[in-house]
Amino acid sequence: MSLPNFARDDMTELTLRQGTILSDEGESRTDIRIVDGKIAEVGEVSPGGETIDLDGLLVMPGVIDAHVHVREPGATHKENFRSVSEAALAGGVTSFLDMPNNNPPTTGLEALNEKRRLAAEKCLVNYGFFLGATSTNIAELNQIQNVAGIKVYLGSSTGNLLIDNLQDFARIVAETDKLLVLHAENEQLLRYFDEIKRDTAMHHEIRDNVAAAVSVAESHLLSERFNKRIHIAHLSTKEEINILRLHKTERMTCEVCPHHLFMSYQYFKEHGNLGKMNPPLREEASVEALWTGIQDGLVDIISTDHAPHTLDEKETDYWAAPCGVPGIETSLPLMLDAALGGRLSMPRLQKIMCTRPAEIFGMKGKGRVVPGYDADLCIIDREASHKILNENQRTKCSWTPFHGTELKGKVQMTIVGGRVKYREGNVVDNTPANEIRFA
Ligand code: DOR
Ligand code: ZN
């Protein structure tokens with residue numbers, strides 16, 4: 001006999017009792033009932049199925065990291081879908097978007113489907129993908145469904161995706177039917193500053209602030225001209241912030257990465273290639289401008305640009321070392337510590353790390369703790385504290401630029417699709433998660 005669908009025998013149920021749930025209106029202590037991976041009720045509920053008593057721990061939507069370089073396929077000695085997703089779980093991240101600069105690059109359906117196959121096998125958190133623009137593939141990319149958007153590299157970085165010609169970029173903006181995510185550093189200016197600053201061997205001088213700002217200005221003008229949405233990746237300079245203050249429209253969104261908030265080029269001067277990434281670490285005035293943008297709402301989201309490379313690869317001379325630092329595991333802990341220290345409010349933290357990324361990329365059912373949404377949650381102990389250590393990192397590259405940093409607050413539990421996958425330092429459920437559905 002078949003059961004009516006409100007009581008199927010394969011139905012899974014989990015009740016989280018007495019967590020503190022954050023909303024724009026403030027905090028309330030109550031229960032959450034999860035049925036079949038979705039939030040069924042928020043409010044006092046009679047316990048059913050498995051019950052976990054949260055005793056006042058903070059409940060947030062799982063963090064959504066919209067900028068991650070998984071390295072699979074092509075460089076799995078740096079990271080793969082299992083290792084990145086374990087790192088994600090430890091950092092309270094329940095969904096991420098993977099960049100296309102792999103080997104081979106994700107510039108068509110075949111490469112995308114190979115990534116889909118690999119992630120479906122072993123990724124423990126939800127995942128979505130970006131396609132990579134070339135000067136000739138936009139018509140082909142327009143045919144592909146259910147991706148987060150198209151990544152355009154306007155300045156050269158890891159991999160061989162580069163659009164260094166404004167005519168090609170204009171054509172991409174004019175012809176795309178998808179959201180464009182821009183690595184905005186103007187390649188001609190990068191080459192010019194390389195010419196005049198090469199003997200400094202200082203990454204931030206060779207990739208001057210102006211190269212980023214000019215690229216943001218060009219991108220803004222083309223987005224307006226062709227009425228297309230753009231998302232500026234990893235803002236790093238006060239000059240970009242100033243341009244966005246004057247010109248940001250509803251067609252433009254932007255992100256900032258923790259390494260540009262918690263480090264300046266002083267770190268590069270002291271630690272060399274461990275502080276080498278694109279765009280580079282900047283001077284204090286830019287760091288301050290980014291924080292102001294986070295506090296006053298100019299900056300839409302925090303993403304990590306998680307870009308793992310091994311210490312062996314980093315420990316070489318400046319010119320040979322790859323660019324990028326890991327970050328998916330330390331992003332929420334760093335931002336949480338900043339929020340608990342009063343640098344931003346907890347509702348703002350939730351907005352820029354959870355709710356707004358879901359809105360920008362159109363992730364269905366994600367980013368809020370409300371009935372009907374996916375039960376992707378992060379449980380936080382605000383009273384606990386911990387120290388970031390290389391030896392505890394789950395990323396395959398096994399190091400972090402934040403080694404030794406002491407932080408207030410701690411991720412206690414990470415729940416993906418109603419399954420407790422991470423609890424008190426351990427990954428406790430190896431069930432693969434799902435590809436994100438985009439609106
Ligand atoms: O530092 C960076 N590393 N910036 C990028 O744009 C790419 C990334 C990587 O994939 O290594
Ligand atoms: Zn990146």
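The shown structure was predicted, so the numbers you read here are calculated from the model rather than taken from an experiment.

1. A word on the coordination of the zinc ion (ligand 2)
Point 1. At 2.0 to 2.1 Å from the zinc ion (ligand 2) lie its protein donor atoms, namely His-67 (NE2), His-69 (NE2) and Asp-305 (OD).
Point 2. Going along the chain, you hit the donors of the zinc ion (ligand 2) in the pattern H-x1-H-x235-D.
Point 3. For His-67, a relative accessible area of 0% puts it in the buried group.
Point 4. On the basis of relative accessibility, which here comes to 6%, the residue His-69 falls in the buried class.

2. Considerations on the side chain of His-231
Point 1. Examined against the element boundaries, His-231 turns out to sit in strand E11 (residues 230-232).
Point 2. What makes His-231 buried here is its relative accessible area of 0%.
Point 3. Of note is the side chain of His-231, whose polar atom sits 3.0 Å from the side chain of Glu-255.
Point 4. Setting aside residues up to four positions removed in sequence, His-231 forms contacts with Leu-179, Leu-180, Val-181, Leu-182, Thr-253, Cys-254, Glu-255, Ile-301, Ile-360 and Phe-361.

3. A closer look at the state of the cysteines
Cysteine pairs can be linked by a disulfide, which is a covalent bond between their two sulfur atoms.
Point 1. In total, this model carries zero disulfides according to the counting rule given.
Point 2. Not engaged in a disulfide, the cysteine Cys-257 finds its nearest cysteine sulfur in Cys-254; these two sulfurs lie 11 Å apart.
Point 3. In this structure Cys-397 is not part of a disulfide, and its nearest cysteine sulfur, from Cys-323, lies 14 Å away.
Point 4. Look at Cys-397 and you get buried, because its relative accessible area is 5%.

4. Some details on the site of ligand 1
Point 1. Neighbouring ligand 1 are 14 residues, the closest being Arg-71, Asn-101, Ser-157, Thr-158 and Asn-278.
Point 2. Take Asn-278: an N or O atom from its main chain is 2.8 Å from an oxygen atom of ligand 1.
Point 3. Taking Cys-323, its main chain carries an N or O atom lying 2.9 Å from a nitrogen atom of ligand 1.
Point 4. The pocket occupied by ligand 1, as judged from atoms lying within 2 Å of grid points, is the largest cavity.
Point 5. For the shell around ligand 1, a count of residues per class yields four nonpolar, eight polar and two charged.

5. Considerations on the pairing of strand E16 (residues 419-423)
Point 1. By the bridge criterion, four bridges tie strand E15 (residues 406-416) to E16 in an arrangement that is antiparallel. Residue pairing for E16: Ile-415 is matched across the bridge by Val-420.
Point 2. Joining the antiparallel neighbours E15 and E16 is a turn of two residues, in which Gly-417 adopts a positive phi near 55°.
Point 3. Relative to strand E17 (residues 426-427), E16 is paired through two bridges, and the arrangement is antiparallel. Its bridge partner lying in E17, Tyr-422 is registered against Val-427.

Conventions and cut-offs
- Residues numbered from 1 in each chain as written.
- Chains lettered and ligands numbered in written order.
- Predicted model: local features only at pLDDT ≥ 70, side-chain atom pairs only at ≥ 80, totals over all residues.
- Heavy atoms only, no water.
- Donors = N, O, S within 2.8 Å, 3.2 Å for Na, K, Ca; no water.
- Buried < 20%, exposed > 50% of the residue type's maximum accessible area, 1.4 Å probe, protein only.
- Helix = DSSP H or I, 4+ residues; strand = E, 2+ residues; numbered from the N terminus.
- Polar contact = N/O pair within 3.5 Å; in protein donor to acceptor, adjacent residues only side chain to side chain.
- Contact = heavy atoms within 4.5 Å.
- Disulfide = S-S within 2.5 Å.
- Near = heavy atom within 4 Å.
- 1 Å grid on protein atoms, 1.4 Å probe; cavity = no way out; pocket = protein on both sides within 12 Å on 5 of 7 lines; lining within 4 Å.
- Sits in = over half its atoms within 2 Å of the grid points.
- Nonpolar A, V, L, I, M, F, W, Y, C, P; charged D, E, K, R; others polar.
- Pairing = 2+ DSSP bridges.

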